[in-house]
Every structure is written in C-alpha cells, then in structure tokens.
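Take a look at the letters that make up each chain.
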Amino acid sequence: MSLRRTQAERPTPAGSPVRSRRWSQRRRLAGIGVLTATTLFATGCSISGSASTSSSTPNSSSSSHGVTGSGSAAGSASGSPASPGAASAAAGAHGVGAPVVHPSCTRPPTTWKTFKAPDAVVPDLPELEAGTNHSKTADKWTYSASQVHQWMAKPQTAPKGKKLVFITFDDGPDSTVTPKELSNLEKAGVPATFFMITPQLQGVPVDLLRRSLRDGNGLDIHSYSHDYKYLFHGDANQRAAHVTCDYDWALAQARAVIGSDYDPSGFRYPGGEMSWNDLSKANAGLAKRGVVPIDWNAMSGDADAHMPTTIPGYVTMVKQSIAESGNPRVVVILNHDIKEKTAEAMPSILAWLKSQGYQFGIIS
Ligand SMILES: [Zn+2]
C-alpha cells in the first residue's frame, strides 16, 4: 500500500561500494568518521534525490520536552521500573490541546488524498498520555529525543553500567506489517518507537494505534511527504522551510487522529539526517517546535542494498552494525514496519538483544 515500499526496495546501482559507505555512515553518527558524498543508499529509505557531502552538525539544542529518563532515571521495559520521565512536562507547549488547524504553508507533495484538518480540538485516544507520544505506563521506559541524540553524538556521555537499545521502525504504519511487529514486541515484552509517514494513518484502523500505545510503544513523526526532492533540494533556507512545513503538516495530521495532546519530541528525517547537506537551519526550525532529529547507529539491514535473505542474516547484520558503531551501550536500530521479512526476523533479533543484556527504551 505504500509508496515507501517501492522506494525502500530500490536497488543500489551496480558496483557501488555499499558496504564501506554504510560503515562510514555509522561511524559518522558515532562521532568517529566523516560522511562522504557516497552514503546515500545505505540509509533507511533509499534516496530518490541527490545529495552531496554532509556538513551538518548534530543538533544539540534542547527541546522544550526536557530530558526524559536521564541515564539514572529511566528503567527498561523488561527491567525494574524507575521514576517517570519528564516528557509529560511538555503538556501545554506548542499548541497542545489546541484546535488542529491547517498549516499555513502550501501542502507538501503527496500521493495521498488531501488531508483536511478538523479545525477543532480532537479528543485524545484513551491510551495517550497528554503532552507525550506514548501512554502513561510507558513513562518508565521513555527517553527524550534530545537525550538519545546526545548519547549518539557523544557516546562517552552514555550512561555507564547499562546497555540501552531503541528499536525503531520507519515508513509505517502499515495495516499488514505493523500488526505483526506489534505482536513480536508484545511476545518479547519490549517496546519500540514508530516513526510514521502520517498520510498512511488514513490507511490503518485507529485500533492499531491504540494497541501500539497500550503496549507501551512510542509514536514519532517521520514525514508527511517523504519526498526527498521537496525536502532536501535548494539552499539551506528552502530546505528549512520545506522540512518545517512538512513537519507541521505531519503533526497536524497525526493530531487529527491521535488527539490534540499528541506531542512527540523525536523526528526522523527521511533518509536520515546524516545523508543530507547542512540541515542546521532546518534543525533550528524543528527545535522551535520542540523536536530533535534522531538517526540510528545500527540496523537490521532491511532497506540495505545487500539486505539479508535469512533470519540469521538479519541477526548477524544487527550484531555487526552494533559492533561497528563503536557505541554498544546506546543502540538505535533502524527497521521498517513495511517489510515482511523484518517482521519474520524480529523475534530472533529481539531474543538476541535480550540475551546480551540490553534494556529496551522508547524515544519521546
Ligand atoms: Zn523513510
């Protein structure tokens, strides 16, 4: 059902040194290496536009969401409870609880039918904790995007004495695959964070979102358009205008379904922040909205040109990418909940992570 499915499966041009690109990409995220112009097809969603050497600086600006679940504060889904996170403290910020109005900017490109904002306060889904992207129960394993971003950018600041993993899914929700991933997570007793392409909310039952929240997962925004040319072409000012416009439309659409008090702090750029030219202005625009971009430092490889073909292959990809990240204490793993194969492999991936002592968190 998804446009993304086609894009994500687009093959890498023959002869491209995919592996070295992917590795250099990870290293950049871990603060070790420098991204080159040739990183594109290693990203979570294959790139339809062009890009060149990235010089963007990781956005370290704090959001109004504050720091949720600082290293000593938050527990894990499978571990002992800890003090609640602070994400709910953001309630009231950024128009939370306000009517879901049509963004003022021109609608970003999309193949989905036009979204009409209700121009009224939308009641929250019963499972949503107001001012957050998750349920009240999930406070115990929720970490702010700014905190996770910092740990990824500066691994030396990661909490010592524990290993944290954030399972993330991009490009959903999908009425076929997302339920399978929710079942995988439920059976393992762990949560994950879903970065959504919000027009796809029109294609899934609301009960799917309620279940996801009830199970302790986080719902973040990935994009409205997921259109690389719209988002990442032009100068820095144009990119900032389009990225923030896209975000505003996505947030409005999400609030029209999840409720006016839905307020995420994490955002994943289509293709990943690491793949694009200087996004500092775009990041500043996102920061004004209380949002911090979150990339990944490990992957199942489900959008990789050399994606695994067997379940053990997916587990091996996760192991290798964690080892290569140089940051094994805080791991953010890229997956896609539009990929059947990933859903088949996920139980084995989760079992391996648990066997390694990882605690599972979500991003606010
Ligand atoms: Zn994507």
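*Asks:* So what about the overall build of the protein? Which residues, and what values?
*Replies:* Scanning the protein for helices and strands turns up 10 helices and 10 strands. The 364 residues of the protein split such that 58% are buried. Sequence separation of at least 24 residues holds for 81% of the intrachain contacts in the protein that already meet a minimum separation of 6. Accessible surface, the protein: about 12,700 Å² in total, of which carbon and sulfur atoms supply 55%.

*Asks:* An account of the confidence of the model for the protein is needed here, citing residue identities and associated values.
*Replies:* With 74% of its residues at a pLDDT of 70 or more, the protein shows a mean pLDDT of 79. Low pLDDT (under 50) marks residues 46-93, which in the prediction has 138 contacts with non-local residues, meaning those over four places away or in another chain.

*Asks:* Please provide a residue-by-residue account of helix H10 (residues 340-355), values included.
*Replies:* With 16 residues, H10 should reach 22 Å at 1.5 Å per residue; the first-to-last C-alpha distance of 24 Å fits that figure. Along H10, the sharpest kink reaches roughly 40 degrees, centred on methionine 346 and followed within four residues by the proline proline 347. Every buried residue of H10 is listed here: Thr342, Ala343, Ala345, Met346, Ile349, Leu350, Trp352 and Leu353. Where H10 is buried, its residues touch strand E2 (164-172), helix H4 (177-188), helix H9 (311-325), strand E8 (330-336) and strand E9 (359-360). Downstream of H10 by one or two residues, glycine 357 has phi in the positive range, about 85 degrees.

*Asks:* Requested: an account of empty space enclosed by the protein, with residues and values cited.
*Replies:* Summed over all chains, the structure comprises 2 cavities of 30 Å³ or more. In terms of lining residues, the largest cavity is bounded by Pro173, Thr178, Phe194, Met196, Leu208, Leu209, Ser212, Leu219 and Asp337. If you tally residues by element for the lining of the largest cavity, the top one is helix H5 (residues 206-214), at 3 residues. Here the residues of the lining of the largest cavity are counted per class, giving 6 nonpolar, 2 polar and 1 charged.

*Asks:* Provide a residue-level description of the packing of H9 against H10, including the pertinent values.
*Replies:* Taken N-terminus to C-terminus, the directions of H9 and H10 make an angle of 55 degrees; their axes are 8 Å apart at the nearest point. Viewed along their axes, H9 and H10 adopt a mutual orientation that is oblique. Between H9 and H10 lies a crossing whose hand is right-handed. When H9 is examined against H10, the residues Ile311, Tyr314, Val315, Val318, Lys319 and Ile322 are found in contact with a partner set consisting of Lys341, Thr342, Glu344, Ala345, Ser348, Ile349, Trp352 and Leu353. Partitioning the contact of H9 with H10 into residue classes produces 9 nonpolar, 2 polar and 3 charged.

*Asks:* Outline the pairing of strand E3 (residues 193-197), listing residues and values.
*Replies:* When you tally the buried positions in E3, you get 5 out of 5 residues, the bulk of the element. Burial along E3 is two-sided: the face carrying Thr193, Phe195 and Ile197 and the face carrying Phe194 and Met196 are both buried. In this structure, E2 lies alongside E3, joined through 4 bridges in parallel fashion. Among the inter-strand pairings, threonine 168 is bridged to a residue of E3, identified as threonine 193. Strand direction decides the pairing type here: E3 and strand E4 (residues 218-223), joined by 5 bridges, are parallel. Bridged to threonine 193 within E4 is glycine 218.

*Asks:* An account of the packing of helix H7 (residues 236-258) against helix H8 (residues 280-288) is needed here, citing residue identities and associated values.
*Replies:* Between H7 and H8, the least distance of the axes is 7 Å, while the angle of their chain directions is 35 degrees. The interaxial crossing formed by H7 with H8 has right-handed handedness. Residues Ala236, Asn237, Arg239, Ala240, Val243, Thr244 and Tyr247 of H7 pack against Lys281, Ala282, Gly285 and Leu286 of H8. Here the contact of H7 with H8 is composed, by residue class, of 6 nonpolar, 3 polar and 2 charged.

What counts and what doesn't
Residues numbered from 1 in each chain as written. Predicted model: local features only at pLDDT ≥ 70, side-chain atom pairs only at ≥ 80, totals over all residues. Heavy atoms only, no water. Helix = DSSP H or I, 4+ residues; strand = E, 2+ residues; numbered from the N terminus. Buried < 20%, exposed > 50% of the residue type's maximum accessible area, 1.4 Å probe, protein only. Contact = heavy atoms within 4.5 Å. Areas by Shrake-Rupley, 256 points an atom, 1.4 Å probe, with all protein chains shown as cover. pLDDT = per-residue confidence, 0-100. Expected span 1.5 Å × (residues − 1). Bend = angle between axes of the 7 residues up to and from the residue. 1 Å grid on protein atoms, 1.4 Å probe; cavity = no way out; pocket = protein on both sides within 12 Å on 5 of 7 lines; lining within 4 Å. Points joined across faces, edges and corners; volume = space filled by probe spheres on them. Nonpolar A, V, L, I, M, F, W, Y, C, P; charged D, E, K, R; others polar. Axes fitted to C-alpha atoms, helices over the stretch in contact; angles between N-to-C directions. Parallel < 35°, antiparallel > 145°, perpendicular 65-115°, else oblique. Left-handed = near helix turned anticlockwise from the far one by under 90°. Pairing = 2+ DSSP bridges.

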